[in-house]
Amino acid sequence: MAMLMMKRQGFGLLRTFLVLLGVSALCSVALGTRKGNASLDQRSHRHRHPGHLSLHRHKQRAGKEGQVLHRSKRGWVWNQFFVIEEYTGPDPVLVGRLHSDVDSGDGNIKYILSGEGAGTIFVIDDKTGNIHATKTLDREEQAQYTLTAQAVARDTNKPLEPPSEFIVKVQDINDNPPEFLHGPYYARVPEMSNVGTSVMQVTATDADDPTYGNSARLVYSILQGQPYFSVEPQTGIIRTALPNMDREARQEYDVVIQAKDMGGHMGGLSGTTEVKITLTDVNDNPPKFPQSVYPMSVSEDKVPGEEVGRLKAKDPDLGDNGMVNYRLIDGDGIGMFELSTDSETREAVIKLKKPVDFETKRSYTLKVEGSNPHVDPQFLAWGPYKDEATIKISVEDADEPPVFVAPSYTFEVEENAPEGTLVGRVHAKDTDVANNPVRYMIPRYTDVEQFFSINSEDGMITTTRPLDREAQAWHNISVSATEIGGHHQDTKVRVNIKVKDVNDNSPEFATNNEVLMCETVVPGKVIETVSAVDKDEMAHRQHFTFSLAPEVAHNHNFSLKDNRDSTASIYVLRKGFSRLTQDVYYLPIEINDNGFPAMSSTNTLTIRVCSCDSKDTILSCNVEPYVLPAGLSTGALIAILACIVILLAIVVLFVALRRQKKEPLIVFEEEDIRENIITYDDEGGGEEDTEAFDIATLQNPDGANGFLPRKDIKPELQYPLRPGIGRPAANSVDVDDFIKTRIAEADSDPTAPPYDSIQIYGYEGRGSLAGSLSSLESVTTESDLDYDYLQSWGPRFKKLADLYGTKDCSINDGDDGEDS
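A quick note: this is a predicted structure, and the numbers were derived from the prediction, not measured. (Residues numbered from 1 in each chain as written. Predicted model: local features only at pLDDT ≥ 70, side-chain atom pairs only at ≥ 80, totals over all residues. Heavy atoms only, no water.)

Attention now goes to the overall build of the protein chain. The number of helices and strands found in the protein chain is 5 helices and 39 strands. Counting across all 820 residues of the protein chain, residues that qualify as buried make up 35%. For the protein chain, the share of sequence-separated contacts (at least 6 apart) that also reach a separation of at least 24 residues comes to 67%. Entry remark: accessible area of the protein chain is about 49900 Å², with carbon and sulfur atoms responsible for 53%. (Helix = DSSP H or I, 4+ residues; strand = E, 2+ residues; numbered from the N terminus. Buried < 20%, exposed > 50% of the residue type's maximum accessible area, 1.4 Å probe, protein only. Contact = heavy atoms within 4.5 Å. Areas by Shrake-Rupley, 256 points an atom, 1.4 Å probe, with all protein chains shown as cover.)

Now for the packing of aromatic side chains. Under the criterion given, the structure shown has 15 aromatic pairs. Note on Tyr228 and Tyr253: the rings are 4.9 Å apart at their centroids and 50 degrees apart in plane angle, and the pair reads as tilted. Residue Tyr228 is found in the loop between strand E10 (219-224) and strand E11 (229-231), and its partner Tyr253 is found in strand E13 (residues 252-260); the two are separated by 25 residues along the sequence. Residue Tyr228 is classed as partly exposed on the basis of its relative accessible area, which comes to 27%. For Tyr253, a relative accessible area of 5% corresponds to the buried category. For the ring pair Phe558 and Phe577, a centre distance of 5.7 Å and an interplane angle of 20 degrees mean the geometry is stacked. A residue pair is termed long-range when its members are at least 10 positions apart, and Phe558 in strand E35 (residues 558-562) and Phe577 in the loop between strand E36 (567-572) and strand E37 (584-593) qualify at 19 residues. Accessibility expressed as a relative area gives 3% for Phe558, which makes it buried. In this structure Phe577 comes out as buried when scored by relative accessible area, which is 4%. (Phe/Tyr/Trp six-rings, centres within 6.5 Å; stacked < 30°, edge-to-face > 60°.)

With that settled, consider the state of the cysteines. The full count for this structure, using the stated rule, is 2 disulfides. Across the disulfide, Cys518 is cross-linked to Cys612 (sulfur-sulfur distance 2.0 Å). Its S-S torsion of approximately -90 degrees makes the covalent link between Cys518 and Cys612 left-handed. Residue Cys518 is located in strand E32 (residues 515-518), and its partner Cys612 is located in strand E38 (residues 600-612); the two are separated by 94 residues in the primary sequence. Residue classification places Cys612 among the buried residues on the basis of a relative accessible area of 18%. Across the protein chain, the way the bonded cysteines pair up, counted in sequence order, is 1-3, 2-4. (Disulfide = S-S within 2.5 Å.)

In this section: the pattern of salt bridges. Applying the stated criterion across every chain, the model contains 20 salt bridges. With its nearest N and O atoms 2.9 Å apart, the salt bridge here joins Arg247 to Asp281. With Arg247 in the loop between strand E12 (237-240) and E13 and Asp281 in the loop between strand E14 (270-280) and strand E15 (293-299), the pair connects residues that are 34 residues apart, well separated along the chain. In this structure Arg247 comes out as buried when scored by relative accessible area, which is 8%. A salt bridge links Arg310 to Asp342, with the shortest nitrogen-to-oxygen separation between them at 2.9 Å. (Salt bridge = Lys/Arg side-chain N within 4 Å of Asp/Glu carboxyl O.)

UniProt tags residues 636-657 as "transmembrane region" (unreviewed entry). Along residues 636-657 the backbone is 100% helical and 0% strand, and the end-to-end C-alpha distance reaches 32 Å. (UniProt positions renumbered as here; feature names shortened; annotations may be inferred.)

Glancing now at the environment of Thr280. Topologically, Thr280 is positioned in strand E14. Distance in space between the C-alpha atoms of Thr280 and Arg247 is 6.9 Å, their sequence separation being 33 residues. With sequence-adjacent residues up to four places away left out, Thr280 is seen in contact with Arg188, Val189, Pro190, Glu191 and Arg247.

Attention now moves to a nonpolar patch on the surface. Together, Ile640, Leu641, Ile644 and Leu648 make up an exposed nonpolar region whose accessible area comes to about 370 Å². Relative to the helices and strands, Ile644 is located in helix H2 (residues 634-661). (Patch = residues over 30% accessible without salt bridge, like charges linked within 9 Å, V, L, I, M, F, W, Y side chains within 5 Å.)

What follows is about the confidence of the model for the protein chain. Averaged over every residue, the pLDDT of the protein chain is 77; residues scoring 70 or more account for 73%. Within the protein chain, helix H1 (residues 2-27) has the poorest average pLDDT of any element, 35, and E12 the best, 96. The low-confidence segment residues 625-630 (pLDDT under 50) makes 7 contacts with residues lying over four places distant or belonging to another chain. Note on residues 717-732: pLDDT under 50 across the span, and 22 contacts to partners over four residues away in sequence or across chains. (pLDDT = per-residue confidence, 0-100.)

Examined against the element boundaries, Leu147 turns out to sit in strand E6 (residues 144-153). Residues Leu147 and Ser114, spaced 33 residues apart in sequence, show a C-alpha to C-alpha distance of 5.7 Å. The residues contacting Leu147, other than those within four sequence positions of it, are Leu113, Ser114, Gly115, Glu116, Ala118, Phe122, Ser164, Glu165, Phe166 and Val168.

If you walk across this open sheet you meet the 4 strands as E8-E14-E13-E10, and the pairing is mixed. Every other strand in the sheet has two partners, leaving strand E8 (185-190) and E10 as the edge strands with one partner each. When the angles between neighbouring strand axes are averaged without regard to direction, this sheet yields 35 degrees. Where E10 and E13 come together, 5 bridges link them in antiparallel fashion. Bridging across to E13, Ile222 finds its partner in Ile257. (Pairing = 2+ DSSP bridges. Axes fitted to C-alpha atoms, helices over the stretch in contact; angles between N-to-C directions.)

Most of E37 sits inside the fold, with 7 of its 10 residues counted as buried. Across 5 bridges, the pairing between strand E34 (residues 544-548) and E37 is antiparallel. Bridging across to E37, Leu548 finds its partner in Ile589. Across 9 bridges, E37 lies against E38 in antiparallel orientation. In the strand pairing of E38, Ile591 is matched with Ser601. Count of turn residues in the E37/E38 antiparallel hairpin: 6 residues.

Here we take up the sheet that holds strand E4 (residues 122-124). The 3 strands are arranged E2-E5-E4 in an open sheet whose pairing can be described as antiparallel. Whereas interior strands pair on both sides, the edge strands pair on one side only; in this sheet they are strand E2 (93-97) and E4. Going across the sheet, the axis of each strand differs from the next one's by a mean of 25 degrees, ignoring polarity. Direction of pairing for E2 relative to strand E5 (residues 130-133): antiparallel, over a ladder of 4 bridges. Within E5, the residue paired with Gly96 across the bridge is Ile131.

Set out below in structure tokens:
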């Protein structure tokens with residue numbers, strides 16, 4: 001219907017335009033041709049026709065100021081052509097007619113049209129010069145077309161006049177409605193805004209020609225959203241129209257704005273858009289408690305920190321505007337309860353601050369205030385922005401466990417006190433109205449060794465056996481009290497028992513280290529300062545005294561001096577200590593304390609004699625070892641094994657050689673030949689009687705006990721003979737076995753290596769041509785030497801003096817061998 005109306009309006013405008021077309025041709029101003037256009041002729045005839053336009057050319061010459069301008073004659077007279085847009089008639093629209101002054105009407109002139117749309121949109125009758133539009137034109141696509149007209153001879157196509165340009169303008173009609181290009185729109189405005197507060201501006205566009213008529217002249221109006229909002233007709237600015245618009249009552253509004261062209265008159269086209277307007281929040285509502293009184297309750301068995309109840313003030317505002325702070329402002333329960341705010345729910349949380357007692361006080365009252373922390377100054381007159389509420393808390397009775405009179409107990413008991421000694425008493429009572437009796441016990445895990453027991457009825461604690469302070473000075477136990485006849489709830493209390501000290505421990509050395517003393521120590525030197533300790537509790541005035549034990553009080557080696565500060569100094573009385581003579585001394589010292597009763601003990605101080613250098617630096621404190629070290633390196637073991645293998649090889653070789661000779665080791669009877677021994681058939685006496693010689697004399701008398709003592713140094717350790725080593729009988733005549741036995745004993749003696757020992761044998765072997773090498777035989781020889789001077793050389797040469805100083809003394813072979 002709208003399109004039909006547009007077509008009708010366009011057709012009416014077309015008729016009006018055609019009527020006025022002739023008039024406009026007479027009144028139009030001649031347009032100049034483009035550069036290069038020349039007049040076809042200088043005819044002065046102007047062909048005027050109300051139904052067509054004549055081609056003409058107008059040329060003005062500019063002169064100096066005040067100079068008269070002359071109009072020159074033109075061969076073409078013409079004007080702009082107009083064509084209505086959107087024309088949809090059955091026949092092509094006549095745009096206009098071209099006519100040249102040289103055209104006499106005999107058909108010899110041909111009109112040619114070129115330029116934009118020539119031949120497609122615009123066609124020309126080459127005889128009459130009529131121009132028609134063959135298509136519907138849209139001004140919004142192209143508002144004008146530039147064409148070129150030319151008149152030529154039909155038979156020769158020779159231009160009769162230069163070509164001239166003209167314009168065909170598309171005349172606008174109202175065929176485009178207004179459009180909102182950016183809709184829908186969203187806007188925000190604070191609630192409670194004043195009337196006329198600007199919300200936003202909307203703008204519509206119209207594709208029609210704004211310079212022609214009212215086709216693009218827009219007027220805005222509001223179709224939906226009244227009476228809350230209004231719009232300015234000319235600018236499209238939306239404003240509030242009602243006062244006190246409350247967001248809490250309504251937050252969003254859907255507004256429809258219309259834009260209409262033709263200045264809003266009848267027949268104009270229109271377009272609409274939606275605007276969604278949201279009211280933003282302001283703090284225009286104070287908080288409000290839904291109730292004036294909130295009843296709550298709490299049981300007396302609740303512990304501090306437990307929640308009692310919650311309450312919340314309502315504030316319809318949003319965000320910070322709706323935030324509420326709570327605080328306790330009054331009431332007799334301020335000291336018993338505390339208030340906090342839940343960060344998520346924004347509720348006021350009432351918690352227990354101190355334990356409550358039903359038997360003491362059964363109800364409490366609190367007054368709570370809720371207020372907005374952020375207040376808008378422009379709404380202060382709407383206040384106050386706070387509210388109050390009353391909380392009534394009732395205390396509920398609960399079956400409570402017994403309560404001890406004291407939070408903890410501390411008792412003392414002497415150590416070594418007999419079994420059943422009273423330590424102390426604990427007491428608990430039932431705080432409930434029933435006031436039931438209480439039973440006591442000591443939990444086993446707090447007194448694992450069961451040092452104490454408690455009377456279950458009166459709470460008396462006693463010992464079960466004597467206590468030792470030195471083993472455990474404090475006993476920390478717990479006592480449990482349980483209400484009889486209740487819910488078997490118990491309460492525990494800490495009991496600390498201190499064991500008082502009794503002087504029942506003797507003093508002793510603080511350290512048991514050996515004292516190292518040089519052999520060259522000088523008399524009067526302090527070699528050690530000893531101190532003492534006591535396991536008993538050291539009192540402030542307690543001290544120790546020292547003295548030598550009675551058995552060593554008059555010794556000539558060491559003395560003791562009590563320093564009267566619980567220490568004592570050990571002095572040396574003589575010089576000339578020797579490790580070889582005695583390397584360790586034991587000095588018993590008696591220590592006394594001044595406790596009650598006093599205790600004393602005898603402690604032995606070990607003093608070891610050491611070898612030192614000239615600066616009294618200790619070099620060695622141990623006697624030189626007589627045994628091989630227990631730990632040997634791999635190289636040492638290999639060397640020892642190699643030596644053993646070599647010795648075994650030598651022994652095997654020696655035995656093999658002996659067997660090859662097949663000679664006995666001992667020659668008996670007539671074959672027994674000894675050096676310096678002559679056999680006679682007659683009997684003789686003394687040592688010359690070899691037949692009567694007793695082979696037992698070859699045995700070493702000192703070796704009868706199985707141990708051969710060292711003559712060069714006193715051994716520290718003595719080892720018994722290895723089991724299994726046989727010893728020949730005293731009267732055995734097998735000297736070879738006897739000697740082997742002695743060699744084996746010497747080889748297996750651990751005290752022998754690395755030192756050599758002299759083994760004395762009266763048998764020197766068979767077949768020796770040499771005489772005796774012993775110097776002792778020189779005593780029996782005649783000598784001119786006088787050895788009497790040896791008597792004056794001292795006790796060390798007494799033995800030599802006895803041997804060489806007297807010529808007629810007889811020497812016993814066995815004794816000499818032993819002495820030497």
